[in-house]
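Summary of the model geometry
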Amino acid sequence: MADKTRPLIIHAGFHKTGTTTLQRTLRENRALLKPHCNIQLKWKVRPLVHATRGYSTWRDPLTLAKVSMRADEYWAEQPTYKSRGLILSAEELAGHMPGRDDVPDYRPAIDNLREIVTAAQRRYEKSGQQADIRIVMTTRQADPWLESAYWEHVKSSGIVMSLEAFKTRVGPVADTRPLLQELAEAIAPVPVIPLALEHWQALPLGLAAPLLDLVGVPPKTRATLVPLAPENTRLPQPILDELLDLNRKISDREARNAAKRALMDAHERSLQGE
């Protein structure tokens, strides 16, 4: 029987489920965690993320083949993971966040993650190992997720619909349980582990805690880690309302983005007391 790698934990989504605080916690504690696991965030997998986001938009065989190629390239650069594990956290591995006209749902996440898992299995089989992969998906209750997703789209895209219209259109996507079941069936026996934001966010290490458990960080090390308060990256409601107003008033994309950027920059300067 082939030797197993240490646990390879892939946190691949979903958006707006406490991922910023989770990733900051991992980043801030990277030095203490280094003896036990390799921490990799989205900047380490940019080519792969570009491919997974592309497939979530185009959903065609050629773009999926690019996901497979980028996944092979990523895993080829990884060590054997014989003595320590991996935590890779990048919600874009599931693709773009649904809500735009060309991204109606999260269904491409199933194909994206199947390719990533299969590529890992190929890579470690070549070195006589069995890849011990676990897929982690963070989740959030439907109503707060829909509201957070809507205002993120207002900030980063030209969306003009109301929040209520967005909820009507995207509402079915907010229940990720059926999709997670399909994902589990598609990549079995690799486990798919859902983590509810509401359950973990109040604990000292938040969503990082179960990931550290999965990768095998010992209690003695965990006791030395620095917990971070939940990070709310949402702008104040009056600023969000102004951004929505700009989306509705300015049809030219470049002009609209410039106006929105100026508004957010002015808000940032006000916070810094300038």
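Data block above holds the structure.
Notes on the structure follow. (Residues numbered from 1 in each chain as written. Predicted model: local features only at pLDDT ≥ 70, side-chain atom pairs only at ≥ 80, totals over all residues. Heavy atoms only, no water.)

Things to note about the pairing of strand 6 (residues 133-139)
- Most of strand 6 sits out of view: seven of its seven residues are buried.
- Pairing of strand 2 (residues 8-11) with strand 6 involves four bridges; the strand directions are parallel. Bridging across to strand 6, Leu8 finds its partner in Ile133.
- Direction of pairing for strand 6 relative to strand 7 (residues 192-196): parallel, over a ladder of five bridges. Residue pairing for strand 7: Thr139 is matched across the bridge by Ala196. (Buried < 20%, exposed > 50% of the residue type's maximum accessible area, 1.4 Å probe, protein only. Helix = DSSP H or I, 4+ residues; strand = E, 2+ residues; numbered from the N terminus. Pairing = 2+ DSSP bridges.)

A closer look at helix 4 (residues 61-76)
- The end-to-end C-alpha distance of helix 4 is 22 Å, a good match for the 22 Å that 16 residues give at a rise of 1.5 Å each.
- What helix 4 keeps buried is the set Thr63, Leu64, Val67, Ser68, Ala71, Tyr74 and Trp75. The buried residues of helix 4 occupy an angular sector of 155 degrees when the element is viewed end-on, so they sit on one face. Exposed side of helix 4, more than 90 degrees from the buried face: Leu62 and Ala76 are the residues found there.
- Against the buried residues of helix 4 lie strand 2, strand 3 (37-41), helix 3 (46-58), strand 4 (85-89) and helix 5 (108-126). (Expected span 1.5 Å × (residues − 1). Arc of directions from axis to C-beta. Contact = heavy atoms within 4.5 Å.)

Some details on the packing of aromatic side chains
- Applying the stated criterion to the full structure yields six aromatic pairs.
- Aromatic pair Phe14 and Tyr106: ring centres 4.6 Å apart, planes at 50 degrees, arrangement tilted. Here Phe14, found in the loop between strand 2 and helix 1 (19-28), pairs with Tyr106, found in the loop between strand 4 and helix 5; they are 92 residues apart in sequence, far enough to count as distant. Across the pair, exposure class does not vary: Phe14 and Tyr106 are buried alike.
- Here Tyr150 and Trp151 contribute two aromatic rings whose centre-to-centre distance is 4.8 Å and whose plane-to-plane angle is 70 degrees, an arrangement assigned as edge-to-face.
- A relative accessible area of 1% places Tyr150 in the buried class.
- For Trp151, a relative accessible area of 8% corresponds to the buried category.
- The ring of Tyr124 has Arg123 sitting right over it, with the charged end atom 4.3 Å from the ring centre. (Phe/Tyr/Trp six-rings, centres within 6.5 Å; stacked < 30°, edge-to-face > 60°. Lys NZ or Arg CZ within 6 Å of the ring centre and 35° of its normal.)

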